[in-house]
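Results of the structural survey
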Amino acid sequence: MGGKRRSYDAPFREGAVRIVLETGKPAAEVARDLGVHEGTLQTWVHRAKVRAAAEASGGLNESERGELRRLREENRQLRKENSEIGMERDVLKRSVVLWVKEATK
């Protein structure tokens, strides 16, 4: 079985990525030196490169992406609530129609 999954704080990840990018050392060597799995460090480096490219091309920065995620989640929730309210409205309309038919008999 695998061991416990380790988590690393943002400053550690950023520092490890900077070592790879600024020194030109292979990610495998830096990962061994820091006690991090090679694939993990390579993922961090890849994400940093993608982020830098997006920012350079006028894309969203980290806080803007976070805000976009939050707004998308809020939009999803509001759409769900709107759908539920629409169904409740339809049920009430049908109930009123049946009530009026009963009352006019």
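Residues numbered from 1 in each chain as written. Predicted model: local features only at pLDDT ≥ 70, side-chain atom pairs only at ≥ 80, totals over all residues. Heavy atoms only, no water.

Turning our eyes to something else, we now look at the packing of helix α1 (residues 10–23) against helix α2 (residues 27–34). Close contact between α1 and α2 brings their axes to 9 Å; oriented N to C, the two are set at 140 degrees. The pairing of α1 with α2 is recorded here as oblique in orientation. Here α1 runs over α2; the crossing is right-handed. Contacts from F12, A16, I19 and V20 of α1 reach α2 at A27, V30 and L34. Looking at the contact of α1 with α2 residue by residue, the classes come out as seven nonpolar, no polar and no charged. (Axes fitted to C-alpha atoms, helices over the stretch in contact; angles between N-to-C directions. Helix = DSSP H or I, 4+ residues; strand = E, 2+ residues; numbered from the N terminus. Parallel < 35°, antiparallel > 145°, perpendicular 65-115°, else oblique. Left-handed = near helix turned anticlockwise from the far one by under 90°. Contact = heavy atoms within 4.5 Å. Nonpolar A, V, L, I, M, F, W, Y, C, P; charged D, E, K, R; others polar.)

The next thing to look at is the nonpolar core. One finds Y8, A16, V17, V20, A27, V30, A31, V36, L41, W44, V45 and A48 forming the largest nonpolar core, which totals twelve residues. Of all the elements in the fold, those that place two or more residues in this core are α1, α2 and α3 (38–56). V30 has contacts with A16, I19, V20, K25 and L41, leaving out every residue within four places of it along the chain. (Core = buried A, V, L, I, M, F, W, Y, C linked by side-chain atoms within 4.5 Å. Buried < 20%, exposed > 50% of the residue type's maximum accessible area, 1.4 Å probe, protein only.)

On to a nonpolar patch on the surface, then. Judged by side-chain polarity, V96, W99 and V100 come together as a nonpolar surface patch covering roughly 330 Å² of accessible area. By the secondary structure assignment, W99 is in helix α4 (residues 62–103). (Patch = residues over 30% accessible without salt bridge, like charges linked within 9 Å, V, L, I, M, F, W, Y side chains within 5 Å. Areas by Shrake-Rupley, 256 points an atom, 1.4 Å probe, with all protein chains shown as cover. Salt bridge = Lys/Arg side-chain N within 4 Å of Asp/Glu carboxyl O.)

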